[in-house]
Amino acid sequence: MTDSVLMLEPDGSQLRLVVSKQMENSCQSLQRTDIESLLEQSDYYAYSRLEEAIQDAIDYYNNSKSDAGQSAFIIAERKDVELEISISDDCMFAYVTLTGAYGGDRLTAQGLIVTLKQQRILRGVSKKRLQYLLQKSWELDPGETFTLKIAAGRPAVAGTDTRFEPLVADASQRILAPQDSDHGKVDMRDLGKLITVEIGQPLMRRIPPTAGEPGYDIHGNVVEAIAGKVIAFDVGLGTRISDSDHNVLIADKEGTPRHGLTGMAVDDLLTVDSVDVTTGHIDFNGAVLVLGDVSSGMKVKAGGNITVTGVVELAELTAGGNITIANGVIGRLQDGKPAYCHLQALGKVSAKFAQYTQIESGTDTELHLHLAHCMVKAQGVVRVIDPAQRHGTVTGGVIVAEGGVSARVLGAEAGIDTQIKLLSQFDDLKADMDALKAEIKNQEERLHQIVLLQMKLSKIPKEKRSQELANKVTDSKGQFMATLAEMKSQYQSLQQSYLQQFSAAQVEVSSLIYPGVSVRIADKEFVAEREMTACRIHLEKQKIVCQPLSTTRSQV
């Protein structure tokens, strides 16, 4: 039936179906399958079909009221492969989306290159990807789509900020590894000499920031690098910048060095054999070295570092620098309730072990043996592991650490409740960023209004223009631009802090995690319900990820 009533006629890129209708039309009606079969057996099977036109042809033939004759319908058309280019908002990436040809021409190298030039895609183009794209255009079924990134700019490499390198040892490096005497015994009293400096002795070197390395986008435009921040020395008490090298900080008096992040200080040193009821409490403006123990109920307060070669038991230590304890810190249970030892330092807290202790450190907190039933709040990292990585257990208590937690073992077989909290300041930082972003948007809108006013004034003839108003608009524009630049710089600093905090918010365990351990990162929480071997716990795509220290990964 189809041979007598249907005929295909190509017309350029279109395909015409000629339908012949006789007066003595047979009872057999025209079906869609008849047309489909005709197309499949023709050279035009790959053409893009026009479904409405096909239905019109069927209706025409099957309509008993229509007169005999012929009618033509455009039921399909030939289409070349379609190519669409999309460019990322920052102009750092270009993507090509292909749609398979409907009987038409495939992609050609010349056509692809012309299209890239029209879109000004000049740099970072991958020749291998272009070749693959050309091959893919022949493999695609009609109408099938395929997307491929074909160009990538090179992002700028930000410069490094000013760095500071200590030139004298930290007291904790000596106190936790005391020197042997000639008789093979540890001489704790020798530590007093080891942590002192002389006048003119170099204390810290400042390493200048770098400019960074510029990049480029796919259009060939230069992406300027952000230079590292210039950070000045924090010239502390008893120090000064060297006359011969402004990047070196030297001691201006004899004493014990106190380390800071961007500078140092030299404190007077008070040395005592022990702190007990016979000595009374100590409140000294410099550094304090205790060559023995700090007994129960005693208080030691120092403007600089506090170094204890013995044990601290149910005492209170407050330091403007670091607190370093050679042996342990001991609190205990009294009448079933914790009786805490208290350590508070603007710098680092270091000890071999601590139990039932409240610790607050301005930077890191480090223990070599164990941390048991303690309340720790650290602005830096909490490390509970010895250099040989043979010891280091966290059992019970609560740790709040802005720089992450590292330990050999977390928890205990008994399933003791052990809590770790990270990114506790995340919400405040995010709120500051959102508020500043809104201010930047408002500032940009106000600047845009000033620019429009300036353009409007420029169209007024000079003799009719108010020079005073023009000057005021120019000055306002300059002020708004300066303020906007400062706000964007502040936002960039906040964003950098956010990324640093996010990167640091992880718990790394080199041996075991027992049930009863909970890790809270921002508003997400992970609870160990079974024993787990060495792993890293961190936040990824709004989920807490427990990643074994191997190639496999699991999400919780």
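Up top you'll find the structure we're talking about.
Summarised in this report is the structure supplied together with it. Please read these numbers as outputs of a predicted model, since none were measured by experiment. (Residues numbered from 1 in each chain as written. Predicted model: local features only at pLDDT ≥ 70, side-chain atom pairs only at ≥ 80, totals over all residues. Heavy atoms only, no water.)

Side note on the overall build of the chain
(1) Moving on: A tally of helices and strands in the chain yields nine helices and 42 strands.
(2) Moving on: Rg of the C-alpha trace for the chain: 38 Å, well past the compact-globule value of 24 Å for 556 residues, more than 25% over.
(3) Moving on: With respect to the principal axes defined by its C-alpha atoms, the chain has extents near 130 × 80 × 45 Å.
(4) Moving on: Among the 556 residues that make up the chain, the fraction classed as buried is 41%.
(5) Moving on: Taking as baseline every contact in the chain between residues at least 6 positions apart, the subset at least 24 positions apart corresponds to 50%.
(6) Moving on: Surface summary for the chain: the accessible area is close to 30,200 Å², and the carbon and sulfur share equals 48%.
(7) Moving on: Separation between the mean location of the 58 positive side-chain charges and that of the 72 negative ones in the chain comes to 4 Å. (Helix = DSSP H or I, 4+ residues; strand = E, 2+ residues; numbered from the N terminus. Rg over C-alpha atoms; globule rule 2.2 N^0.38 Å. Buried < 20%, exposed > 50% of the residue type's maximum accessible area, 1.4 Å probe, protein only. Contact = heavy atoms within 4.5 Å. Areas by Shrake-Rupley, 256 points an atom, 1.4 Å probe, with all protein chains shown as cover. Lys, Arg positive; Asp, Glu negative; His and termini not counted. Charge placed at Lys NZ, Arg CZ, Asp CG, Glu CD.)

Notes on the pattern of salt bridges
(1) Moving on: In total, this model carries 19 salt bridges according to the counting rule given.
(2) Moving on: Among the ionic pairs, Glu-36 bridges to Arg-49, the shortest N-O distance being 2.2 Å. Of this pair, Glu-36 sits in helix α2 (residues 32–40) while Arg-49 sits in strand β3 (residues 48–49); the two residues are 13 residues apart in sequence, bridging distant segments of the chain.
(3) Moving on: Because the salt bridges share partners, they merge into one network encompassing Glu-9, Asp-11 and Arg-16. (Salt bridge = Lys/Arg side-chain N within 4 Å of Asp/Glu carboxyl O.)

Looking at the nonpolar core
(1) Moving on: In this structure, Val-294 and Leu-317 are the most contacted members of the largest nonpolar core, which totals 57 residues.
(2) Moving on: Sorting elements by how many residues they give to this core places strand β40 (residues 532–540) first, with four residues.
(3) Moving on: Not counting the four nearest positions on each side in its chain, Val-294 is found in contact with Val-275, Val-300, Val-308, Val-311, Val-312, Glu-313, Ala-315 and Leu-317.
(4) Moving on: Val-5, Ile-54, Phe-73 and Ile-75 belong to the second largest nonpolar core, which has 21 residues in total. (Core = buried A, V, L, I, M, F, W, Y, C linked by side-chain atoms within 4.5 Å.)

Re the sheet that holds strand β9 (residues 202–207)
(1) Moving on: As summarised here, the arrangement of the four strands in space is β8-β9-β14-β13, forming an open sheet in which the pairing is antiparallel. Where the open sheet ends on each side, the last strands, each with one partner, are β8 (163–166) and β13 (239–241). The average angle at which neighbouring strand axes cross in this sheet is 25 degrees, direction not considered.
(2) Moving on: Note: β13 against strand β14 (residues 248–251), three bridges, orientation antiparallel. Within the sheet, the bridge partner assigned to Arg-240 lies in β14 and is Ile-250. (Pairing = 2+ DSSP bridges. Axes fitted to C-alpha atoms, helices over the stretch in contact; angles between N-to-C directions.)

A closer look at helix α5 (residues 127–139)
(1) Moving on: Taking 1.5 Å of rise per residue, 13 residues should cover 18 Å, and α5 covers 19 Å from first to last C-alpha, within 8% of that figure.
(2) Moving on: The set of residues buried in α5 consists of Leu-130, Leu-133, Leu-134, Lys-136 and Ser-137. Along α5, the residues classed as buried sweep out an arc of 165 degrees about the axis, all on the same side. Opposite its buried face, α5 presents the exposed residues Lys-128, Gln-131 and Trp-138, each directed more than 90 degrees away.
(3) Moving on: Each element contacted by the buried residues of α5 is listed here: β6 (93–99), α4 (109–118) and β7 (145–152). (Expected span 1.5 Å × (residues − 1). Arc of directions from axis to C-beta.)

Quick word on the pairing of strand β36 (residues 418–422)
(1) Moving on: Side chains Thr-418, Ile-420 and Leu-422 project from β36 onto a buried face, and the interleaved Gln-419 and Lys-421 project onto a face without burial.
(2) Moving on: For strand β34 (residues 398–401) and β36, the ladder comprises four bridges, and the chain directions are parallel. The residue of β36 that forms the bridge with Ile-399 is Ile-420.

Focus: the pairing of strand β28 (residues 349–355)
(1) Moving on: Within β28, five of the seven residues are buried, leaving the element largely enclosed by the surrounding structure.
(2) Moving on: Here strand β24 (residues 323–330) runs beside β28; their pairing, made up of six bridges, is parallel. Bridge pairing links Gly-328 to Phe-353 in β28.
(3) Moving on: Sheet analysis places β28 next to strand β30 (residues 365–372), joined by six bridges and oriented parallel. Residue Gln-355 lies in a different strand from β30, and its bridge partner there is Ala-372.

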